Amino acid sequence: MIDEVMFEIRELSGQEYVNRYHGDEADSEPVVMAQVGHVADAVSAARELGAAADG
């Protein structure tokens, strides 16, 4: 029954189905830990994207 509920949640949220349970090894790319960002980094990235869009 839980699988059915999870299927419905996945459908409503638009998530992709992954056939594994928490704790199982993933058959995908290795996990990269998140890092703390800084406002200056976001501003620099936005400027780079703007420059690339301008051409």
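The notes below deal with the structure included here. (Residues numbered from 1 in each chain as written. Predicted model: local features only at pLDDT ≥ 70, side-chain atom pairs only at ≥ 80, totals over all residues. Heavy atoms only, no water.)

**Focus on the overall build of the protein**
At step 1: A count of helices and strands for the protein gives two helices and zero strands.
At step 2: Split into buried and exposed, the 55 residues of the protein put 2% on the buried side. (Helix = DSSP H or I, 4+ residues; strand = E, 2+ residues; numbered from the N terminus. Buried < 20%, exposed > 50% of the residue type's maximum accessible area, 1.4 Å probe, protein only.)

**Side note on the side chain of arginine 10**
At step 1: Mapping arginine 10 onto the fold places it in helix H1 (residues 2-13).
At step 2: Excluding residues within four positions of it along the chain, arginine 10 makes contact with Gln15, Glu16 and Tyr17. (Contact = heavy atoms within 4.5 Å.)

**So, helix H2 (residues 39-54)**
At step 1: Over its 16 residues, H2 runs 23 Å from end to end, which matches the ideal 22 Å to within 8%, given 1.5 Å per residue.
At step 2: H2 sits mainly on the outside: zero of its 16 residues count as buried. (Expected span 1.5 Å × (residues − 1).)

**Notes on the pattern of salt bridges**
At step 1: Under the definition given, this model contains one salt bridge.
At step 2: Note that glutamate 11 and arginine 10 form a salt bridge whose closest N and O atoms lie 2.9 Å from each other. (Salt bridge = Lys/Arg side-chain N within 4 Å of Asp/Glu carboxyl O.)

Remember, this is a structural readout, not a statement about activity or role.
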